[in-house]
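Take a look at the letters that make up each chain.
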Amino acid sequence: MYWTIVILSVILGIAPFVFGFSGVGAALWNSLILGVALLVTSIAKWYKAAFVLGVWVFVAPFILGFSSTPAALWTSLVVGAVIAVWSGIKWFGAKSPQSAVAH
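Keep in mind that what you see is a predicted model, and the values were worked out from it rather than measured. (Residues numbered from 1 in each chain as written. Predicted model: local features only at pLDDT ≥ 70, side-chain atom pairs only at ≥ 80, totals over all residues. Heavy atoms only, no water.)

Draft legend 1. Representation of the packing of helix 1 (residues 2-18) against helix 2 (residues 25-43) within the structure. Packing of helix 1 against helix 2 leaves a shortest axis separation of 8 Å and a crossing angle of 160°. Taken together, the axes of helix 1 and helix 2 are roughly antiparallel relative to one another. As for the relative orientation of helix 1 and helix 2, their crossing is left-handed in sense. Across the interface between the two elements, Tyr2, Ile5, Val6, Ser9, Val10, Leu12, Gly13, Pro16 and Phe17 from helix 1 touch Leu28, Ser31, Leu32, Leu34, Gly35, Leu38, Leu39, Ser42 and Ile43 from helix 2. (Axes fitted to C-alpha atoms, helices over the stretch in contact; angles between N-to-C directions. Helix = DSSP H or I, 4+ residues; strand = E, 2+ residues; numbered from the N terminus. Parallel < 35°, antiparallel > 145°, perpendicular 65-115°, else oblique. Left-handed = near helix turned anticlockwise from the far one by under 90°. Contact = heavy atoms within 4.5 Å.)

Draft legend 2. Quick look at the nonpolar core. The biggest cluster of nonpolar side chains holds 12 residues, and these are Ile5, Leu8, Leu12, Leu34, Leu38, Tyr47, Ala50, Leu53, Val57, Val79, Ile83 and Trp91. Of all elements in the fold, only helix 1, helix 2, helix 3 (47-64) and helix 4 (70-93) reach the threshold of two or more residues within this core. Examining the composition of this core, we find that four residues originate from one element, helix 3, more than from any other. (Core = buried A, V, L, I, M, F, W, Y, C linked by side-chain atoms within 4.5 Å. Buried < 20%, exposed > 50% of the residue type's maximum accessible area, 1.4 Å probe, protein only.)

Draft legend 3. Molecular detail of helix 3. Given a rise of 1.5 Å per residue, 18 residues ought to cover 26 Å, and the 24 Å separating the end C-alpha atoms of helix 3 matches this to within 8%. Along its length, helix 3 shows its largest kink, about 45°, at Phe58, and proline Pro61 lies within four residues downstream of that point. Next to the buried residues of helix 3 lie helix 1, helix 2 and helix 4. (Expected span 1.5 Å × (residues − 1). Bend = angle between axes of the 7 residues up to and from the residue.)

Draft legend 4. The arrangement of unusual backbone geometry in detail. With phi around 60°, Lys45 is a residue other than glycine that occupies positive phi space. Secondary-structure assignment places Lys45 in the loop between helix 2 and helix 3. On the basis of relative accessibility, which here comes to 45%, the residue Lys45 falls in the partly exposed class.

Draft legend 5. Molecular detail of the packing of aromatic side chains. Throughout the structure, instances matching the rule amount to three aromatic pairs. Note on Phe51 and Phe92: the rings are 5.8 Å apart at their centroids and 85° apart in plane angle, and the pair reads as edge-to-face. Residue Phe51 is found in helix 3, and its partner Phe92 is found in helix 4; the two are separated by 41 residues along the sequence. For Phe92, a relative accessible area of 46% translates into the label partly exposed. Ring centres of Trp91 and Phe92 lie 4.4 Å apart, and the angle between their planes is 25°; this geometry places the pair in the stacked category. Linked through ring pairs, Phe51, Trp91 and Phe92 together constitute an aromatic cluster. (Phe/Tyr/Trp six-rings, centres within 6.5 Å; stacked < 30°, edge-to-face > 60°.)

Below is the structure:
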């Protein structure tokens, strides 16, 4: 599962140059910094950190003000949602349910 996050973090990092929004400062730096950070967290299998960063990638266009750039917006929404869902499944799904009956 972490390979999915590795691939998506690389896509996020190269997206400004591939999709043509490298001239939008906030979108460029957000993609580059978060791409590297997500790459590190996915290789280290830190799913909690990947979940938080995935949520940030999802909301960043609205907070940092680049939601008016369609390529940057959709890249952030899709990549952020998929990373948050995948890492959330791994993080929350890894916990085993506790028994309600005390021994």
